[in-house]
Amino acid sequence: MINIIGNGPSLNSINKTELFQSEYPSVSFNRAYIIYQQYNFYPTYYFCIDKAVLLNCLSDIKNLLDSPIKYFVLLDCLETQDLSSHPKVTLISKNNNNKLYFGDVATFAIYWLSVNHQQKHFQIYGCDCQYIEDYQQLNVDIEYNNNDPARRIVLKPKKDSKDPNHFIDNYFDETTEYSVPRTNNHLKCWEYISKNIDLVINFQTFSQAQKLFDK
């Protein structure tokens, strides 16, 4: 069994210290590393496949390479090429096999671990799939990249803004930027992974995605 530890507010509904000290292998994502030292927690697997988040976190991720984390699964891009030969790092790209899960890092991790490490049983924590998407509530500045064919919008938190979509208020702060969270896009990925009958997926904290597995 593997603990998939997301970064949603529901993570605060349980004893995080107990979870982080679990005997089971664990998966963590994106900017969650800002609490690793506080809890003396280092996951077995670390994933970051969103390019906007990856580029913001890359220097910190490189500093984690000497930590007890065993595996790093990162987006293959120009900025990560220097890590391609590192023994802990696997670089991945979107392809026909994984594209259905690429919009949600947790479902991608489940898919990747099932294919590459033959894992079949997952306990899910903090994957709420319930994002506040309104820019005013998020208290962010908005940037438009007209050169991006996908016309993605980049959010930059204002000073002292509190992040309502994660388990810690400063998960994203004024030093970071990230893509617009879209609840429906994440739920679609969970819908796809729910159709894999070879997997056992149990939600241990609140998630809108759970209803997809209760049918």
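So, a few notes on the structure that sits alongside this text. (Residues numbered from 1 in each chain as written. Predicted model: local features only at pLDDT ≥ 70, side-chain atom pairs only at ≥ 80, totals over all residues. Heavy atoms only, no water.)

**Let's talk about the overall build of the protein**
Of regular secondary structure, the protein possesses 6 helices and 10 strands. A globule of 215 residues ought to have a C-alpha radius of gyration of about 17 Å, and the protein, at 16 Å, matches this closely. Seen through its C-alpha atoms, the protein measures out along the principal axes to roughly 40 × 40 × 40 Å. Across the 215 residues that make up the protein, the buried fraction comes to 48%. Intrachain contacts of the protein at a sequence separation of at least 6 include 55% that bridge at least 24 residues. Summing over all exposed atoms, the protein offers an accessible surface of approximately 11,200 Å²; the carbon and sulfur share of this is 42%. Placing the 20 positive and 24 negative side-chain charges of the protein at their respective mean positions leaves the two points 5 Å apart. (Helix = DSSP H or I, 4+ residues; strand = E, 2+ residues; numbered from the N terminus. Rg over C-alpha atoms; globule rule 2.2 N^0.38 Å. Buried < 20%, exposed > 50% of the residue type's maximum accessible area, 1.4 Å probe, protein only. Contact = heavy atoms within 4.5 Å. Areas by Shrake-Rupley, 256 points an atom, 1.4 Å probe, with all protein chains shown as cover. Lys, Arg positive; Asp, Glu negative; His and termini not counted. Charge placed at Lys NZ, Arg CZ, Asp CG, Glu CD.)

**What to know about the sheet that holds strand E3 (residues 45–48)**
On the basis of which strands lie adjacent, the open sheet formed by 7 strands has the order E5-E4-E3-E2-E1-E6-E10 and parallel pairing. At either margin of the open sheet sits one strand with a lone partner, and together these are strand E5 (89–92) and strand E10 (200–203). Taking each pair of neighbouring strands and ignoring which way they run, the sheet shows an average axis angle of 20°. Sheet topology note: the E3/strand E4 (residues 71–75) ladder contains 4 bridges and is parallel. Across the sheet, Phe47 pairs through a bridge with Val73, a residue of E4. Relative to the sheet, helix H3 (residues 51–64) contacts E3 and E4, its axis offset from that of E4 by approximately 150°. (Pairing = 2+ DSSP bridges. Axes fitted to C-alpha atoms, helices over the stretch in contact; angles between N-to-C directions.)

**Quick word on the packing of helix H4 (residues 105–116) against helix H6 (residues 183–194)**
Following both chains from N to C, one finds H4 and H6 inclined at 25°, their axes separated by 9 Å at the closest point. Our classification of the angle between H4 and H6 gives roughly parallel. At the point where H4 passes H6, the crossing takes the left-handed sense. Where H4 abuts H6, its residues Ala106, Thr107, Ile110 and Tyr111 lie against Cys189, Trp190 and Ile193. (Parallel < 35°, antiparallel > 145°, perpendicular 65-115°, else oblique. Left-handed = near helix turned anticlockwise from the far one by under 90°.)

**Some words on unusual backbone geometry**
For Gln118, which is not glycine, the phi torsion reads 55° and is therefore positive. Tracing the backbone shows Gln118 in the loop between H4 and strand E6 (121–125). The phi torsion at Cys129 lies on the positive side, around 55°, for a residue other than glycine. Note that Cys129 resides in the loop between E6 and helix H5 (135–138). We classify Cys129 as buried; its relative accessible area is 4%.

**Side note on the pattern of salt bridges**
Counted by the stated rule, this structure contains 5 salt bridges. With a closest N to O distance of 3.0 Å, Asp82 and Lys62 form a salt bridge. Of the two residues, Asp82 is situated in the loop between E4 and E5 and Lys62 in helix H3; the sequence distance between them amounts to 20 residues. According to the relative accessible area criterion, Lys62 is partly exposed, its value standing at 32%. For the salt bridge of Lys188 with Glu191, the shortest nitrogen-to-oxygen distance reads 3.4 Å. One end of the pair, Lys188, and the other, Glu191, are both in helix H6, 3 residues apart, so they sit about a helical turn from each other. (Salt bridge = Lys/Arg side-chain N within 4 Å of Asp/Glu carboxyl O.)

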